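Residue-level structure breakdown
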Amino acid sequence: MASRPSWTLILEDRFGTVTDEYVFDAGQLIVGRSRQCDVVLPSENVSRQHARLFVEEGRLFVEDAGSSNGLWVDGERIDGRTELRDGDTVRVGDFNLRVRGGRSGTEERIVHARLVGKSQGAMDQTLEIVETTTLVGRGRDCGLVLVDPSVSRVHSRLLVRPDGAVLVEDVGSANGLFVNDKRVKVWQLSGGDRVRFGSVEFLVELPGSSTVQMPALPSRMRRWLRSAFPRAIVAAAVALLVMLLVALLALVLPHLDSRRERYESASTPPQSATMPGSQAPSTTSPAAGTLPPESPAVAGAVAGALAQARSLLAGRRLEEARKEVAAALALEPANAEAVRLTNRLDLESLARAALRDADRALDDGRLEEVVQDLFSIPLDSGYADDAKARMRALLPQLERARDKACTGRGATTFPCIRWKALKTKVEAASR
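The notes below deal with the structure included here. (Residues numbered from 1 in each chain as written. Predicted model: local features only at pLDDT ≥ 70, side-chain atom pairs only at ≥ 80, totals over all residues. Heavy atoms only, no water.)

Our next topic: the environment of Asp 357. In this structure, Asp 357 sits in helix α5 (residues 336-363). Residues Asp 357 and Asp 373, spaced 16 residues apart in sequence, show a C-alpha to C-alpha distance of 6.7 Å. In terms of polar contacts, Asp 357 uses its side chain to reach the side chain of Arg 360, at 2.4 Å. (Helix = DSSP H or I, 4+ residues; strand = E, 2+ residues; numbered from the N terminus. Polar contact = N/O pair within 3.5 Å; in protein donor to acceptor, adjacent residues only side chain to side chain.)

Considering the arrangement of structural elements, one finds Ala 330 in helix α4 (residues 318-331). Judged by its relative accessible area of 64%, Ala 330 falls in the exposed class. Taking the C-alpha atoms as reference points, Ala 330 and Val 302, separated by 28 residues in sequence, lie 9.1 Å from one another. (Buried < 20%, exposed > 50% of the residue type's maximum accessible area, 1.4 Å probe, protein only.)

Time to look at the packing of α4 against α5. When two helices pack together, their arrangement is captured by the angle between the axes and the distance separating the axes. Closest axis-to-axis distance for the α4/α5 pair is 10 Å, and the angle between their directions is 160 degrees. Comparing the axis directions of α4 and α5 gives the class roughly antiparallel. The handedness of the crossing between α4 and α5 comes out as left-handed. Residues Leu 318, Glu 319, Ala 321, Arg 322, Val 325 and Leu 329 of α4 touch α5, and the partners they reach there are Ala 338, Leu 341, Thr 342, Leu 345, Asp 346, Glu 348, Ser 349 and Arg 352. Its residues assigned to classes, the contact of α4 with α5 comprises seven nonpolar, two polar and five charged. (Axes fitted to C-alpha atoms, helices over the stretch in contact; angles between N-to-C directions. Parallel < 35°, antiparallel > 145°, perpendicular 65-115°, else oblique. Left-handed = near helix turned anticlockwise from the far one by under 90°. Contact = heavy atoms within 4.5 Å. Nonpolar A, V, L, I, M, F, W, Y, C, P; charged D, E, K, R; others polar.)

Here it is in structure tokens:
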């Protein structure tokens, strides 16, 4: 018998912070401000019973339960019941419910990544990432549950992009998210990376990556190997590097030779153009301007491409910078600087998209969404100054919204307090 499709609702507050996750495959969920609801949203613009989500024959529907402020799906207000699909967003007051799932258990199960436990609390565990969005944390509703005091209830989020790249994002954890011992906010994972949630560490395995896991040795044997064969280990590492260099040269040299031959052939005048009594140019001498096939030439080409990529990145010409990084990776796939630039370009692309979303939200008068988008841009981004400038320009509108909400007897209401806090937060961040 085919299993029922499972649905996941990811709850985000007005600043885009993930606060909870709900998984169900049958029945219904009541959403509202009342404590008796299945999904409780504590906000004045959410009705006591605002909406109802329910499953019929494996299909997910939502309908307004008589709310005062309405129900929105992907930016459009709905009347009556509406079918939801994977990727839809339901807006209830200040909150968003992002819909994930709906795939039957009989469909092909795609493993986007594996996390192999390396720390004491996760040793010998292998966790498979099969959803496009997976929450990691101590909470029982998380897709990957890590029972460890250093892990927050909702610690991080794993996102799979349409191109298959896997991103990991900190969603406000107390003890941080680390990739290769560096604390990060958002990072694109590569095969062999070490990702750590608090103090729980995993090794990342991606489909098609060349990461090979050796069986763990007993601690006594590891200590004996470290004390008895340190020089042998270093020699083996050097030998491995030499072998990799030889293999790389074997791939690059024929390509450079063929380029040199084509250049010499093109630059040699035809025999009929040789003047009587003159000597034809030698075809055995290297053509001027061609790169010699030695490895320093490859290193120089890689360095030049990366320098150009950094210059383009500084000028925020991201697509051109990606082409330069791709050219460097084609010559040296394991170049660490190229990988770092790839991650940086991904972060800058997200920041640029957030800036554009903020501009669109501003045109529509959705001030809180503008703030949410601007605060998602990292402080070290090339777009951080643009975000601060937009925050400063936004302050007069936030002040008017605050004054309107706080007029008369509204000074102690929830909207007044909210707009005051939002203006204070934007004012502090725009300095």
